[in-house]
Amino acid sequence: MTFRTLDDVSDLSGKAALVRVDFNVPMEDGKVTDDTRLKAALPTIHRLREAGAKVVLLAHFDRPKGERVPSMSLRPVVEPLELLLHGPVRFTDDCVGDEAKAAVADLDAGGVLLLENIRFHKGEEKNDPAFAAQLAELGDLYVNDAFSAAHRAHASTEGLARLLPAYAGEAMKRELQALDAALGAPQKPVIGIVGGAKVSTKLDLLKNLVAKLDYLAIGGGMANTFLFAQGVDVGGSLCEKDLADTAREIIEEARRQGCELLLPVDVVVAKGVKPGIESGVRALDRIAADDLILDAGPETVARLNRAMDLSKTLIWNGPLGVFEVPPFDKATVAAAKHAAALAKAGKLVAVAGGGDTVAALNHAGTADDMTFVSTAGGAFLEWMEGKVLPGVEALRAA
């Protein structure tokens, strides 16, 4: 690990730890409806409390754009967090200023304080040095446990880390270790699965991956653009025909880099996208003008599974078909179950991430058997694209 972690801190007793967490949780009628992100922060909170630190939590909720929006307060998070911690959580109506300072000063060792939404201040998203300095006045050290926000150079993710001794929290450490195992220093051969609707949203990703992978399987609607670029008539399917030249460039670059590109060899088609509609498997030269390609076919999945069998590491972003609408979930579910079985048997390091991917793996019932599943959307994608994540770089050991 080239990042500073809590393992590098010798004494936390009585120190105020400013912990950046991701509490941007689903809410309905002022109630938290999913506490997954709260649970993710528990290992770091527990470790700090056990070491006698004061735990001061920094988080954002929604997009108030620097204004105090009552419906975007973090106050509703207090009660569910107290239930998870089996103890009190204090709350302040601001994240800087005299009230926040007094609350931190009054906090006992091992106590937990949640500060109000940091995005109520314009200085947060602007990474304003003055605002970062105000935050820094509250603590003795900084802990970033929010990988999902690490691609943003904000005051609470990057600026603050430059002003206080900065460390990765437990969830951040686990994420960085998993990502390093997937693309940083992976066991080879490495296979990638990239799906989704459009090539245009994942150009940087594809260009980065073909230089690093041994196999790259492309699925979802974006595979149609690659098939079209190779002369396949994709009928009425979603297809970015204006990107055919770009697709051919990626195909050629994969060939140059020695990355075997796995495109569909058969597809599942229907005349519309609705549950239970009549569908069928088609060879690539049997697609009708009014057919919609909505999933990968069984031979495509079998070929993908064989490539996984030959690989030591898998990184997955995006479904292979319209998995939300059965029966067009079959390819994604079958591939997910195969990957999970290999991972569970210790034959494959399987790392997946991105919103649709997490939903697809949960749908397949395989998320718990993968080596690691990242819930970070934009940050996971930018990391896969090879981009620098400001919140991570600020934690890098000298």
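Residues numbered from 1 in each chain as written. Predicted model: local features only at pLDDT ≥ 70, side-chain atom pairs only at ≥ 80, totals over all residues. Heavy atoms only, no water.

Draft legend 1. Geometry of the overall build of the chain. Per the secondary structure count, the chain includes 15 helices and 17 strands. Out of the 398 residues in the chain, the part that is buried amounts to 56%. Partitioning the intrachain contacts of the chain with sequence separation of at least 6 by distance along the chain shows that 74% fall at a separation of at least 24. (Helix = DSSP H or I, 4+ residues; strand = E, 2+ residues; numbered from the N terminus. Buried < 20%, exposed > 50% of the residue type's maximum accessible area, 1.4 Å probe, protein only. Contact = heavy atoms within 4.5 Å.)

Draft legend 2. Representation of the packing of helix 9 (residues 221-229) against helix 10 (residues 244-257) in the model. Running from N to C, helix 9 and helix 10 cross one another at 85°; their axes reach a closest spacing of 8 Å. Looking at the two axes, helix 9 sits roughly perpendicular to helix 10. Of helix 10, the residues touching helix 9 (which contributes Thr225, Phe226, Phe228 and Ala229) are Ala244, Ala247, Arg248, Ile250 and Ile251. (Axes fitted to C-alpha atoms, helices over the stretch in contact; angles between N-to-C directions. Parallel < 35°, antiparallel > 145°, perpendicular 65-115°, else oblique.)

Draft legend 3. Local environment of the sheet that holds strand 13 (residues 279-283). Spatially, three strands are ordered 13-12-14 in an open sheet, and the strand pairing comes out antiparallel. The strands lining the two open edges of the sheet, one partner per strand, are strand 13 and strand 14 (292-296). Recorded for the sheet is a direction-independent mean angle of 40° between the axes of neighbouring strands. Along the sheet, helix 11 (residues 298-310) makes contact with strand 12 (266-270), strand 13 and strand 14, crossing strand 12 at roughly 140°. (Pairing = 2+ DSSP bridges.)

Draft legend 4. Broad picture of helix 12 (residues 330-344). If you check helix 12, its first and last C-alpha atoms are 21 Å apart, about what 15 residues at 1.5 Å a residue would give, namely 21 Å. Residues of helix 12 that are buried: Ala331, Thr332, Val333, Ala335, Ala336, Ala339, Ala340, Leu342 and Ala343. Contacts made by the buried residues of helix 12 are with strand 14, helix 11, strand 15 (313-317), strand 16 (349-353) and helix 13 (355-364). Just downstream of helix 12 lies Gly346, where phi reads positive at about 80°. (Expected span 1.5 Å × (residues − 1).)

Draft legend 5. Just the UniProt feature "binding site: ATP" (unreviewed entry) in the chain, in detail. The sites that carry the UniProt feature "binding site: ATP" (unreviewed entry) are, in the present numbering, Lys202, Glu324, Gly354, Gly355, Asp356 and Thr357. Assignment of secondary structure puts Glu324 in the loop between strand 15 and helix 12. A relative accessible area of 51% places Glu324 in the exposed class. Structurally, the position occupied by Gly355 is in helix 13. (UniProt positions renumbered as here; feature names shortened; annotations may be inferred.)

Draft legend 6. The arrangement of the UniProt feature "binding site: substrate" (unreviewed entry) in the chain in detail. The positions UniProt marks with the feature "binding site: substrate" (unreviewed entry) are Asp22, Phe23, Asn24, Arg37, His60, Phe61, Asp62, Arg63, Arg119 and Arg152. Along the chain, Arg63 turns up in the loop between strand 4 (54-58) and helix 2 (78-85). On the basis of relative accessible area, Arg63 is assigned to the exposed category, the value being 56%. Contact partners of Arg63, with chain neighbours within four places excluded, come to Met72 and Arg119. In this fold, Arg119 is placed in the loop between strand 6 (112-115) and helix 4 (122-125). In this structure Arg119 touches His60, Asp62, Arg63, Pro64, Lys65, Gly66, Glu67, Glu124, Glu125 and His154, once residues within four positions along its chain are discounted. One polar contact links the side chain of Arg119 to the main-chain carbonyl oxygen of Asp62, over a distance of 3.3 Å. (Polar contact = N/O pair within 3.5 Å; in protein donor to acceptor, adjacent residues only side chain to side chain.)

Draft legend 7. Quick look at the packing of aromatic side chains. What the rule picks out here adds up to one aromatic pair. Considering the side-chain rings of Phe380 and Trp383, the 5.9 Å spacing of their centres and the 45° angle between planes classify their relative orientation as tilted. Of this pair, Phe380 and Trp383 are both found in helix 14 (residues 378-384), three residues apart, which corresponds to roughly one turn of the helix. In this pair, the class of Phe380 matches that of Trp383, namely buried. (Phe/Tyr/Trp six-rings, centres within 6.5 Å; stacked < 30°, edge-to-face > 60°.)

Draft legend 8. Quick peek at the environment of Leu310. The topology assignment puts Leu310 in helix 11. What makes Leu310 exposed here is its relative accessible area of 55%. Sequence-wise, Leu310 and Gly169 are 141 residues apart; in three dimensions their C-alpha atoms are separated by 34 Å.

Draft legend 9. Broad picture of the pattern of salt bridges. As enumerated under the stated definition, the model contains 24 salt bridges in all. The salt bridge involving Asp291 is made with Arg282; its shortest N-O contact spans 3.8 Å. Between Arg306 and Glu299 there is a salt bridge, with its nearest N and O atoms 3.2 Å apart. Via salt bridges that share partners, Asp7, Arg47, Glu170 and Lys173 belong to a single interconnected network. (Salt bridge = Lys/Arg side-chain N within 4 Å of Asp/Glu carboxyl O.)

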